[in-house]
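# Structure at a glance
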Amino acid sequence: MVAENRPPEDAGPHTAYMRLALLEAQAAMEAEEVPVGAVVVQHGRVIAAAHNQREQLRDPTAHAEMIAITQAAESLGSWRLIDCALYVTLEPCPMCAGAIVQARIPLVVYGARDAKAGAVASLYQLLEDRRLNHTAEVVGGILERECGEILSRFFAQQRAAGKK
């Protein structure tokens, strides 16, 4: 079940890790990438941090979540991220939700909803689908305003510059 906008006392550690993901989103924006950031945390320690790099790498799969999951797997020496949490500034898309299922990540925390491509709450609820081999707890709306604002700012700049 998606827990939207949990009370502040319940959001403490989530907020701190989301702020780290927002720093990654800022790095993406500075690189003229869609500003999405992600961090993977294991037992209170950040083991991976990434941002979108689709333009830089010319790779449609280079989403922040995908890169962070790969980094975390390398760090742990295992593709099973069974005791990790993923923090991401934007609700994961179907591709990233599929990677989360495959990595067995038990907790996903996101900031802004994605009405056009969100696959954990908005359009689909893939991480709660019991037909899949893994489900995950989903917490949404952590620093939602800040996560949404950086995306809005980026796309406004892109429109003003006449870019797609």
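Just above, that's the structure.
Calculation criteria
- Residues numbered from 1 in each chain as written.
- Predicted model: local features only at pLDDT ≥ 70, side-chain atom pairs only at ≥ 80, totals over all residues.
- Heavy atoms only, no water.
- Salt bridge = Lys/Arg side-chain N within 4 Å of Asp/Glu carboxyl O.
- Buried < 20%, exposed > 50% of the residue type's maximum accessible area, 1.4 Å probe, protein only.
- Helix = DSSP H or I, 4+ residues; strand = E, 2+ residues; numbered from the N terminus.
- Pairing = 2+ DSSP bridges.

### Observations concerning the pattern of salt bridges
This structure, assessed with the given rule, holds three salt bridges. Notably, a salt bridge pairs Glu146 with Arg145, separated by 3.7 Å at the nearest N-O pair. A relative accessible area of 23% places Glu146 in the partly exposed class. Between Arg145 and Glu149 there is a salt bridge; the shortest N-O distance is 3.2 Å. In this pair, Arg145 and Glu149 are both assigned in helix H5 (residues 144–160), four residues apart and thus about one turn of the helix distant. Judged by its relative accessible area of 37%, Glu149 is partly exposed.

### Comments concerning the pairing of strand S4 (residues 84–90)
Counting buried positions over the seven residues of S4 gives seven, a clear majority of the element. Bridge analysis of strand S2 (residues 37–42) against S4 gives five bridges, and the strand direction is antiparallel. Directly across from Val39, in S4, lies its bridge partner Tyr87. In the sheet, S4 pairs with strand S5 (residues 107–112) via five bridges, with the strands oriented parallel. When the bridges of S5 are listed, Tyr87 appears paired with Val109.

Note that every value here comes from positions in space, so none of it alone points to a role or purpose.
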